Amino acid sequence: MWPEVWKHASPFTSLPTHGEMMTKYSNLSLETPDISLTASPFTSLPIREEMMTKYSNLSLESHNISLTEHSRVPVEKNITLERPSNIQLTCQFTTHKDVNSVNVTWKKGDELLQNYLLNATGNILYAQYMFTIINSEQMGSYSCLFGEEKEQRGTFHFKVPEIHGKNKPLVTYVRDTTVLICKCQHCSPLNWTWYSSNGSIQVPIDVQMSDKYVIDGTSATETRLKITQLSEGDQGSYWCRAALRLGEREERVELVVLSYLVPLKPFLGIVAEVVILVAIILFYETYTQKKKKHIDDGKEFEQVEQLKSDDSNGVENNAPRHRKNESVSQ
């Protein structure tokens, strides 16, 4: 059973701040059957009260997730965080069962968390976890879990802002100059670093060692890598990495370096096809003409032979007629 002070409280949206609650109920024990106010599971950090006081100047980030006992899939929420902040996470769970019998657990990854607060209003159960994120170790996934047999889960994913490069490969030519760009629209990284890929290994680009590269970091939200006198060996993947206060982000930019002959290859291919087609047409025309001439010569030969045959037949027919005329005259 929960302490009476939490059983009949209103939802967290109307609760006083944690400091006010601790002052108002300072006469209560800090150890209860269901609500543990002992040290934070982050062993390297002070207990939560000291954390909230120490970092009271930080902004408060509040995020909520709603679940029901009929939720079939986990509910997830992605949260982008650039700077250290105080965090308040609230999970709202609606059930037709007795809310006092619902088992509630908070986890960071697979690690159990303590110091969370519970509150019920009617058939709605609220579970709240408050903590402070000051470095990358506190980033990650925080989950609230309700029930045992059929566990309902809500998860908050904390990530640093994304950075963006060019989505499509950047195409350029040998001996040209190109500029690779990475941006972070919603953050100001502490510093930027460029890497080139040598197989599966990322090699930092040192502008001091080569005049080929120039890094322009005049804007905190953007970095530019200028590469001069490109060769085909410069083709490949380049990585920009942003160091943020709560972690790192990196993005890949693909560079394609072409020879000047490459754009001519399609044209040369078309020219070759045209030449072959013209050659085939000329060959066919020549073959057709030769064949036609051969046929004409054959017909002419046949006609000559026919004329010779006709002349021969005419001479033979005239000889008997001449002899007949001679006999009649006699």
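Just above sits the structure.
Residues numbered from 1 in each chain as written. Predicted model: local features only at pLDDT ≥ 70, side-chain atom pairs only at ≥ 80, totals over all residues. Heavy atoms only, no water.

Student: Account for the overall build of the protein chain, with residues named and values stated.
Tutor: Regarding its fold elements, the protein chain presents 4 helices and 17 strands. In the protein chain, which comprises 330 residues, the proportion classed as buried is 33%. Put simply, of all contacts in the protein chain between residues at least 6 apart along the chain, 69% involve residues at least 24 apart. Accessible surface computed for the protein chain: about 21,100 Å², of which carbon and sulfur atoms make up 53%. (Helix = DSSP H or I, 4+ residues; strand = E, 2+ residues; numbered from the N terminus. Buried < 20%, exposed > 50% of the residue type's maximum accessible area, 1.4 Å probe, protein only. Contact = heavy atoms within 4.5 Å. Areas by Shrake-Rupley, 256 points an atom, 1.4 Å probe, with all protein chains shown as cover.)

Student: Quick rundown of the nonpolar core? Include the residues and the values.
Tutor: Of all hydrophobic cores here, the largest spans 50 residues; its most connected members are Trp106, Phe146, Phe158, Leu180 and Tyr238. The element best represented in this core is strand 7 (residues 124-133), accounting for 5 residues. In terms of domain composition, this core takes at least three residues from each of domain 1 (56-159) and domain 2 (170-259). (Core = buried A, V, L, I, M, F, W, Y, C linked by side-chain atoms within 4.5 Å. Domains from an automatic or database assignment.)

Student: Pulling in residues and values, what's your account of unusual backbone geometry?
Tutor: Phi angles above zero are rare outside glycine, and Asn115 is one such case at about 65 degrees. The class of Asn115 is buried, set by a relative accessible area of 4%. Phi at Gln229 is positive, roughly 45 degrees, even though this residue is not glycine. Examined against the element boundaries, Gln229 turns out to sit in the loop between strand 15 (222-227) and strand 16 (236-244).

Student: Any chance you could break down the sheet that holds strand 14 (residues 213-216) for me, citing the residues and the numbers?
Tutor: A sheet is described by the order of its strands in space; here 3 strands give the open sequence 11-15-14, paired in antiparallel fashion. Only two strands of the sheet have a single neighbouring strand rather than two, namely strand 11 (178-183) and strand 14. Across this sheet, the average inter-strand angle for adjacent strands is 15 degrees, counted without regard to direction. Bridge count between strand 14 and strand 15: 4 bridges; the pairing is antiparallel. Note that in strand 15 the partner of Val214 across the bridge is Lys226. (Pairing = 2+ DSSP bridges. Axes fitted to C-alpha atoms, helices over the stretch in contact; angles between N-to-C directions.)

Student: Outline a nonpolar patch on the surface, listing residues and values.
Tutor: On the surface, a cluster of nonpolar side chains totalling about 370 Å² of accessible area is made up of Phe267, Leu268, Val271 and Val275. Tracing the backbone shows Leu268 in helix 4 (residues 264-329). (Patch = residues over 30% accessible without salt bridge, like charges linked within 9 Å, V, L, I, M, F, W, Y side chains within 5 Å. Salt bridge = Lys/Arg side-chain N within 4 Å of Asp/Glu carboxyl O.)

Student: Please give an account of the state of the cysteines that cites residues and values.
Tutor: Within the structure shown, the criterion is met by 3 disulfides. The side chain of Cys184 participates in a disulfide bridge whose partner is Cys187; the two sulfur atoms lie 1.6 Å from each other. Torsion about the S-S bond of the Cys184 and Cys187 cystine: about 130 degrees, corresponding to right-handed handedness. Judged by relative accessible area, which is 3%, Cys187 ranks as buried. Shown here for the protein chain is a disulfide pattern of 1-2, 3-6, 4-5, where each number marks a bonded cysteine counted in sequence order. (Disulfide = S-S within 2.5 Å.)

Student: Explain the sheet that holds strand 16 residue by residue, including any values.
Tutor: Taken in spatial order, the 5 strands make up an open sheet running 10-17-16-12-13, and their pairing is mixed. The outermost strands of the open sheet, each flanked by one partner alone, are strand 10 (170-173) and strand 13 (201-204). In this sheet, adjacent strand axes meet at a mean angle of 35 degrees when their direction is disregarded. Examined bridge by bridge, strand 16 and strand 17 (residues 247-258) share 9 bridges and lie antiparallel to one another. Within the sheet, the bridge partner assigned to Cys240 lies in strand 17 and is Glu251.

Student: Help me get a handle on the packing of aromatic side chains, residues and values and all.
Tutor: Aromatic rings in a pair are described by how distant their centres are and how their planes are angled relative to each other. What the rule picks out here adds up to 8 aromatic pairs. Between Phe131 and Phe158 the ring centres are 6.1 Å apart and the planes differ by 85 degrees, which places this aromatic pair in the edge-to-face class. With a gap of 27 residues between them, Phe131 in strand 7 and Phe158 in strand 9 (residues 152-159) connect regions that are remote in the sequence. The pair formed by Phe131 and Phe158 is uniform in burial state, with each residue classed as buried. Taken together through their ring pairs, the aromatic side chains of Trp106, Tyr129, Phe131, Tyr142, Phe156 and Phe158 make up a single cluster. (Phe/Tyr/Trp six-rings, centres within 6.5 Å; stacked < 30°, edge-to-face > 60°.)

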